[in-house]
Every structure is written in C-alpha cells, then in structure tokens.
Amino acid sequence: MTLTPRSVPRIAGLLLAAGGGRRLGGRPKALLTHRGRPLVEHAVRALREGGCEVIHVVLGASADLVRERAQLPGCVLVDNPEWAEGMGSSLRAGLASLAAGALPVDAALVSLVDQPGIGAQAVARVRSAYRSRDSLAAASYEGKRGHPVLFGADRWAGIAAGAVGDQGARDYLKAHRDAITLVDCSDVAEPYDIDTEADLAHLE
C-alpha cells in the first residue's frame with residue numbers, strides 16, 4: 001500500500017470557551033442557555049457543520065460543570081487553568097493541544113463561544129480561504145475584521161508567542177495584515193458578543 005499526501009487539508013475547529021462571564025455575574029459563557037441548550041453546543045455545531053472534522057474546545061471557568069452539562073461528543077476538551085489571564089492563554093492552550101493531537105492538522109479555525117450570531121455558513125466561508133499551512137484568513141463584517149479566524153499551522157508558534165492577556169492574536173494579525181485574506185460574511189452572520197446583561201437579549 002502506497003501512502004500519499006492528503007489531498008484535502010485538515011482544518012481543525014478551535015473553540016475558545018473558557019471565559020468566566022465577569023460582567024455577567026460570574027456565569028460562565030459556555031453554559032449560557034440558547035435555544036434550550038448550552039451556548040458551547042451551538043458553537044461546536046457551527047464548527048462541525050462548517051466543515052471542521054477535528055474540534056478542540058478550550059475550557060476554563062467551571063470546566064467541570066461544562067463537562068457535566070454540555071453534550072460535546074467527538075470533541076477534544078482542553079483545560080486552561082490560566083483562563084483568568086485572558087483569551088491569550090486559551091489560544092496558546094488550544095494551539096498546543098492541536099499541535100500535540102493524534103491527527104495532523106493543517107490549520108486552525110478559531111471561533112469564540114460568546115458569538116452565537118456566527119454560524120456554519122461563516123465557518124465554511126473562512127475555511128474555504130485555506131491555501132497552505134502559511135494561510136491567514138478572517139471573516140469580515142462591513143469591512144471590519146472579526147471571527148472566525150483561520151491560522152495555517154506554520155504560523156502557530158509565532159501566534160502563540162505573542163498571545164498574552166486579552167489580546168489573543170490581535171498583535172500578530174496587525175503585524176501581518178498584508179498576509180490576511182478577508183472573507184466577507186456580513187450577509188450570513190452577525191458578530192455581536194455576549195458580554196453584558198444587556199447582550200443576553202440576543203439569546204433565545
């Protein structure tokens with residue numbers, strides 16, 4: 001039997017779901033209810049239906065409760081004990097988990113658990129922007145860069161090195177803006193965040 005290179009790239013979904021909901025009275029965002037189920041389940045479904053065959057979910061605040069209450073079959077659940085430091089620590093943990101995973105991955109498509117207005121269509125569009133392990137792509141809304149974001153595997157080390165505090169990959173993306181393929185998703189998604197009590201009105 002002759003082994004041949006994969007003809008189809010493997011794009012992993014990386015869901016950052018560790019936030020503690022400080023401005024929501026300490027309710028972890030992953031467990032906020034939307035359409036009768038925890039928000040984390042909706043975010044995972046968007047990644048899966050958008051074409052991500054491997055999904056790693058970074059947990060932090062109330063990780064044990066999320067494991068108990070959410071149904072996340074087939075996902076790799078990654079604990080981030082440093083979640084309170086901000087999104088940067090979760091991004092580092094997630095990229096490290098993908099790099100050490102059993103299946104080789106060509107790129108990570110990163111999404112946030114608190115953006116239920118971004119569904120499978122936006123995921124699929126950004127995923128389709130993959131060209132090589134050096135790819136950088138991001139959804140855009142009315143010309144402004146947003147999530148999900150696609151990071152080719154060759155860029156993970158550089159992204160992780162600069163992922164501190166709540167910045168995530170922001171500084172890296174600014175420094176490499178000329179390499180980013182922007183994918184307009186304005187017609188298929190809404191990039192609002194669930195950050196405050198007022199934002200809960202977006203949930204159903």
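Structure's up top.
That bond from H147 to P148 is cis: its omega, 0 degrees, falls within 30 degrees of zero. Within the element layout of this structure, P148 appears in strand β8 (residues 144-152). With a phi close to 55 degrees, R35 is a non-glycine residue in the positive phi region. Checked against the element boundaries, R35 lands in the loop between β2 (33-34) and β3 (37-38). The class of R35 is exposed, set by a relative accessible area of 55%. A positive phi angle is found at S62, which is not glycine, with a value near 55 degrees. For S62, the location among the structural elements is in the loop between β4 (54-59) and α2 (63-69). Take S62: its relative accessible area is 33%, and that puts it in the partly exposed class.

Attention shifts here to the layout of surface pockets. When its volume is computed, the largest pocket comes out at roughly 1200 Å³. Lining of the largest pocket is provided by 37 residues; of these, M87, L112, D114, D166 and R170 occupy positions nearest its centre. For the lining of the largest pocket, the secondary structure elements donating two or more residues are β1 (11-17), α3 (87-99), β6 (107-112), β8 and α6 (170-175). With six residues, the top contributor of residues to the lining of the largest pocket is β8. Its residues assigned to classes, the lining of the largest pocket comprises 16 nonpolar, 10 polar and 11 charged. Quantified by volume, the second largest pocket comes out at close to 340 Å³. H42, P116, G117, I118 and G119 are the residues nearest the centre of the second largest pocket, which is lined by 24 residues in total. Taken together, the elements giving at least two residues each to the lining of the second largest pocket come down to α1 (39-49), β6 and α4 (120-127).

In this section: a positive patch on the surface. On the surface, R145, R170, K174 and R177 cluster together into a patch of positive charge. You can call R170 partly exposed: its relative accessible area is 40%.

On to the pattern of salt bridges. Taken as a whole and judged by the stated rule, the model has 12 salt bridges. Linking K29 and D195 is a salt bridge whose minimum nitrogen-to-oxygen distance equals 2.6 Å. Placement of K29 in the loop between β1 and β2 and of D195 in the segment after β9 (180-184) is noted, with a sequence separation of 166 residues between them. Residue class for K29 comes out buried when judged on its relative accessible area of 12%. Within the structure, one salt-bridge network assembled from shared partners comprises K29, D114 and D195.

Each value, and the rule that gives it
- Residues numbered from 1 in each chain as written.
- Predicted model: local features only at pLDDT ≥ 70, side-chain atom pairs only at ≥ 80, totals over all residues.
- Heavy atoms only, no water.
- Helix = DSSP H or I, 4+ residues; strand = E, 2+ residues; numbered from the N terminus.
- Buried < 20%, exposed > 50% of the residue type's maximum accessible area, 1.4 Å probe, protein only.
- 1 Å grid on protein atoms, 1.4 Å probe; cavity = no way out; pocket = protein on both sides within 12 Å on 5 of 7 lines; lining within 4 Å.
- Points joined across faces, edges and corners; volume = space filled by probe spheres on them.
- Nonpolar A, V, L, I, M, F, W, Y, C, P; charged D, E, K, R; others polar.
- Patch = residues over 30% accessible without salt bridge, like charges linked within 9 Å, V, L, I, M, F, W, Y side chains within 5 Å.
- Areas by Shrake-Rupley, 256 points an atom, 1.4 Å probe, with all protein chains shown as cover.
- Salt bridge = Lys/Arg side-chain N within 4 Å of Asp/Glu carboxyl O.
- Lys, Arg positive; Asp, Glu negative; His and termini not counted.
- Charge placed at Lys NZ, Arg CZ, Asp CG, Glu CD.

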